[in-house]
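A closer look at the structure
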Amino acid sequence: MANSETNTIEELGVSKEYQYGFHDDIKPTFKSRKGLDEEVINQMSDIKGEPDWMRQYRLDAYKIFKQKPMTKWGGDLSQLDFDDIYYYVKASDRSERSWDDVPDDIKKTFDRLGIPEAERKFLAGVGAQYDSEVVYHNIVEELDKIGVVFLDTDTAVKEYPDLVKKYFGSIIPSADNQFAALNSAAWSGGSFVYVPPGVKVEYPLQAYFRINSENMGQFERTLIIADEGSQVHYVEGCTAPTYSSESLHSAVVEIVCMKGSRVRYTTIQNWANNVYNLVTKRAFAYEDAQMEWVDGNLGSKLTMKYPSVYMMEPGARGDILSIAFASKGQHQDAGAKVYHCAPHTTSQITSKSISKDGGRSSYRGWVDVAKGAKGCKSHVVCDALILDKDSRSDTYPVIEIGENDTNIEHEARVSKIGEEQLFYLMSRGLSEEEASTMIVNGFIEPLVKELPMEYAVEMNRLIQLQMEGSVG
Amino acid sequence: MNSEIIIKDLHISVQEKPIIKGLNLTVKQGEIHALMGPNGSGKSTLANGLMGHPLYDIDSGEVIFNGVDILELEPNERAKLGLFLAFQYPTAIPGVSMANFLRLAVSAVRAKGGNGSGDDGLIPMREFRRELRAKMKQLGIDDSFARRYLNDGFSGGEKKRAEILQLAMLEPQIAILDETDSGLDIDAIRVVGESVSQLIGPELGVLIITHYPRLLDYIRPQFVHILLDGQIVESGGWELTQMLEAEGYDPIRKKYDIEE
């Protein structure tokens, strides 16, 4: 229960060995002071024991971040104070947060979701998770046999410097946007995955397996490289509300889909309602490669997230399925971007949003077809469901076509839960709340059926929780 | 005790326009009643009003079901008491499979008065599946039906069969079939008619609402009522349907001096 805020790098003395990030015994802790500057970055880099190139990468990114003006589009960021945030919290510090400190409503939700005790503590940022450590090691052993690398990104920097150097920031450069710059300067944790040519990973790789406290940090950095003809499904996040004492989550996810590979990246996020969730996710898909984003956003105060696919060579395909649930005091500004940079590339965007109790959801989409990229197809479907008159939904689609020989379709629908639908279900014995919940669950079914089973079940239960007390 | 629904001097209006104007009718468990009337006579208004549709205003009267005045109850409470409405135009609920929906509905209705039908109160999956499969077989409905989204993209005939399947699963004491034959061709009417006749028995009271006697060939009512301008003007037996088949509604309109 040590309060580590006053600890400094001098007290800690040396950087700690970092393996898998499990810190279940008592170890010195570190929490940087509030705010970000070169000194904090240097401290962080020292503690991590990073090679110089990564330290320099961070410092360069920090310069870019300082030059970027505050993002003005999307949601309201005026309350976000970059100087009032801890940018680096060493793992063992988090693990010493007491269960008693976790807010009651979050504990109650864990109860309702039936999440096991050990997992709850992890989700709440309390304690290490022994079971999943074992699970993770077994999985890593299995993956080793087929040459798949699945590590936290900090470890990958040390163990696979060539791969990391080559691809880190190659998809999302530090200068891409303000939050990519911030992440590049302050990143910690996240996953590194490399799948060798022709290897198909049979089961989803779940960030959950690779649990360690840093994984749940605010500035994760994930890099996935699917070599030629390989296949992998990566799943991150979880449906239980992720408790965070910090108010900013700004991750970067970069994915390289080489020729003929197929990558699916599934995220379900349910941040606590004080969190700004500003994430940059992008994939490059080369010849005949297929990239699929499945992205679910619940919780948070403001989410700005637009997974994108750049189709770089002919035959590439990008599919983005996203869902947002905006409740009281929340703004979900989510969407998708597809760039058809080569001929005969195909994309499909399906976006669904639900707004309730004054929540606001926006779809922000971008479809771009480069000049000369003949024979491209893009299909965008945007469905918004508004549950009451206080709630709001907006659509901001942009379509940039530089080529005549293309086929672009955009459909947008806004609907309310109809009186006829409610009456119909109620006439079969369902209460108004059960009926509304069923309609909402049906609405998001296209996403839920793409989820691994256990996530799908939790997702439906979560919607049920969100809908409780919403009517009558 | 046998269930019965007693409708006393019922007045219903829609958007302040009176449609049902003092209707009296009693349907007992095990009885089959047909309520026939031309378009605009108030048939669907009666059906929706009895089930508690929020857009249908009850101006006066009573509806006593098993001793309870149900007019103040929510539609789901009426369903739990054992009342069922097969819709003329069933609504689509995209993304919700027939099986999931039915499991929740059956669990809710069988829990009766209890309001604790969360996910814990559900009828066990195996038991439910066995029952659903048996009922679908009895009604000649293909297994794949259970996985389809409720009424979503269903043909007219499929929608009506889905209604009958729900009727079979929910096992009400009194069922109102609102124009179950509308929009169906002769073959579809036969299929639906035969399905309904499978479910007829001493446990079920039926009020079939129709303007067209064909469905009644499959489901012989003991009682036939003619609805004109919001009131039942004639009650009798099978002979009334014969008369309507032969002469249409005009002679009755003339008799009661009601304009088309």
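Residues numbered from 1 in each chain as written. Chains lettered and ligands numbered in written order. Predicted model: local features only at pLDDT ≥ 70, side-chain atom pairs only at ≥ 80, totals over all residues. Heavy atoms only, no water.

Quick notes on the overall build of chain B
What chain B contains, in helices and strands, is eight helices and 10 strands. Evaluated residue by residue, chain B yields a buried proportion of 53% over its 260 residues. Once local pairs closer than 6 in sequence are excluded, the contacts in chain B between residues at least 24 apart make up 69%. Taken as a whole, chain B presents about 11700 Å² of accessible surface, with 47% of it coming from carbon and sulfur. (Helix = DSSP H or I, 4+ residues; strand = E, 2+ residues; numbered from the N terminus. Buried < 20%, exposed > 50% of the residue type's maximum accessible area, 1.4 Å probe, protein only. Contact = heavy atoms within 4.5 Å. Areas by Shrake-Rupley, 256 points an atom, 1.4 Å probe, with all protein chains shown as cover.)

Considering the pattern of salt bridges
Residue and element names in this part refer to chain A. Tallying each qualifying case throughout the model produces 37 salt bridges over all chains. Note that Asp46 is salt-bridged to Arg55, the shortest N-O span being 2.8 Å. A relative accessible area of 18% places Arg55 in the buried class. Among the salt bridges present, the one from Arg317 reaches Asp319, with a minimum N-O distance of 3.0 Å. Overlapping salt bridges bring together Glu236, Lys281, Asp295 and Lys305 as one network. (Salt bridge = Lys/Arg side-chain N within 4 Å of Asp/Glu carboxyl O.)

Some remarks on the sheet that holds strand β10 (residues 231-236) of chain B
Residues and elements named next belong to chain B. Strand order in the open sheet made by the six strands is β6-β7-β8-β3-β9-β10, with mixed pairing throughout. At either margin of the open sheet sits one strand with a lone partner, and together these are β6 (83-86) and β10. Averaged over all pairs of adjacent strands, the angle between their axes in this sheet comes to 20°, without regard to strand direction. Of the strand pairs in this sheet, β6 and strand β7 (residues 174-178) are connected by four bridges, and their pairing is parallel. The residue bridging Leu83 from the neighbouring strand is Ile174, located in β7. Of the strands in this sheet, β3 (32-36), β6, β7, β8 (205-210) and β9 (223-228) are in contact with helix α1 (residues 43-51), which crosses β6 at around 140°. (Pairing = 2+ DSSP bridges. Axes fitted to C-alpha atoms, helices over the stretch in contact; angles between N-to-C directions.)

Focus: the interface of chain B and chain A
Every contact between the two is made by 36 residues of chain B and, on the other side, 21 residues of chain A. Both sides together, the interface formed by chain B and chain A hides about 2200 Å², and carbon and sulfur atoms give 63% of it. Run the count over chain B and chain A and you get one salt bridge. When the shortest N-O distance is used, the salt bridge between Arg428(A) and Glu163(B) registers 2.6 Å. (Buried area = accessible area lost by both parts, 1.4 Å probe.)

Some thoughts on unusual backbone geometry
Residues and elements named next belong to chain B. Phi at Asp9 is positive, roughly 45°, even though this residue is not glycine. Notably, Glu179 is not glycine yet its phi reads approximately 50°, a positive angle. Given a relative accessible area of 4%, Glu179 falls into the buried group.

Re helix α7 (residues 238-247) of chain B
Residues and elements named next belong to chain B. Three or more residues of α7 are buried, namely Trp238, Leu240, Thr241 and Leu244. When α7 is viewed along its axis, its buried side chains cluster within an angular range of 160° and face the same direction. For α7, the secondary structure elements touched by its buried residues are β3, β9, β10 and α8 (250-256). Looking at the residues trailing α7, positive phi occurs at Gly248, about 75°. (Arc of directions from axis to C-beta.)

What about the sheet that holds strand β5 (residues 68-69) of chain B?
The pairing of strands in a sheet happens through backbone hydrogen bonds and is either parallel or antiparallel. Residues and elements named next belong to chain B. Ordered in space as β2-β1-β4-β5, the four strands form an open sheet in which the pairing is antiparallel. Each of the sheet's edge strands pairs with one partner strand only, and the pair in question is β2 (17-28) and β5. When strand β4 (residues 56-65) meets β5, the two strands line up antiparallel, connected through two bridges. By the bridge assignment for β5, Ile64 is matched with Asp69. Sheet contacts for α1: β1 (4-14), β2 and β4; angle to β1, the most-contacted strand, approximately 110°.

Some thoughts on the packing of aromatic side chains
According to the stated counting rule, one finds 16 aromatic pairs over all chains in the structure shown. Considering the side-chain rings of Phe284(A) and Tyr310(A), the 5.2 Å spacing of their centres and the 45° angle between planes classify their relative orientation as tilted. In this pair, Phe284(A) sits in strand β9 (residues 276-285) while Tyr310(A) sits in strand β12 (residues 308-311), placing the two residues 26 residues apart along the sequence. When sorted by exposure, Phe284(A) lands in the same class as Tyr310(A), which is buried. Look at Tyr424(A) and Phe101(B): their rings are 6.5 Å apart centre to centre, the planes differ by 20°, and that puts the pair in the stacked class. You can see Tyr424(A) sitting in helix α11 (residues 419-426) and its partner Phe101(B) sitting in helix α3 (residues 98-110), one on each of two chains. No difference in accessibility class separates Tyr424(A) from Phe101(B), as the two residues are buried. (Phe/Tyr/Trp six-rings, centres within 6.5 Å; stacked < 30°, edge-to-face > 60°.)

With respect to the confidence of the model for chain B
Scored by pLDDT, chain B has a mean of 91; 96% of the residues are at 70 or more. Low pLDDT, under 50, characterises residues 113-119 of chain B; the predicted model gives this stretch seven contacts beyond four residues in sequence or across chains. (pLDDT = per-residue confidence, 0-100.)

Some thoughts on the packing of helix α3 (residues 52-67) of chain A against helix α10 (residues 178-186) of chain A
Residue and element names in this part refer to chain A. The contact between α3 and α10 brings their axes to 7 Å, and the two run at 150°. As judged from the angle between their axes, α3 and α10 are roughly antiparallel. Once α3 is placed against α10, the crossing between them reads as left-handed. In this structure, α3 contributes Tyr57, Arg58, Ala61, Tyr62, Ile64 and Phe65 to the contact, and α10 contributes Gln178, Ala181, Leu182, Ser184, Ala185 and Ala186. By residue class, the composition of the contact of α3 with α10 is nine nonpolar, two polar and one charged. (Parallel < 35°, antiparallel > 145°, perpendicular 65-115°, else oblique. Left-handed = near helix turned anticlockwise from the far one by under 90°. Nonpolar A, V, L, I, M, F, W, Y, C, P; charged D, E, K, R; others polar.)

Some points on the side chain of Asn270(A)
Inspection of the secondary structure puts Asn270(A) in strand β8 (residues 262-271). Reaching out from Asn270(A), the side chain makes a polar contact with the backbone nitrogen of Gly299(A) at a distance of 3.4 Å. (Polar contact = N/O pair within 3.5 Å; in protein donor to acceptor, adjacent residues only side chain to side chain.)

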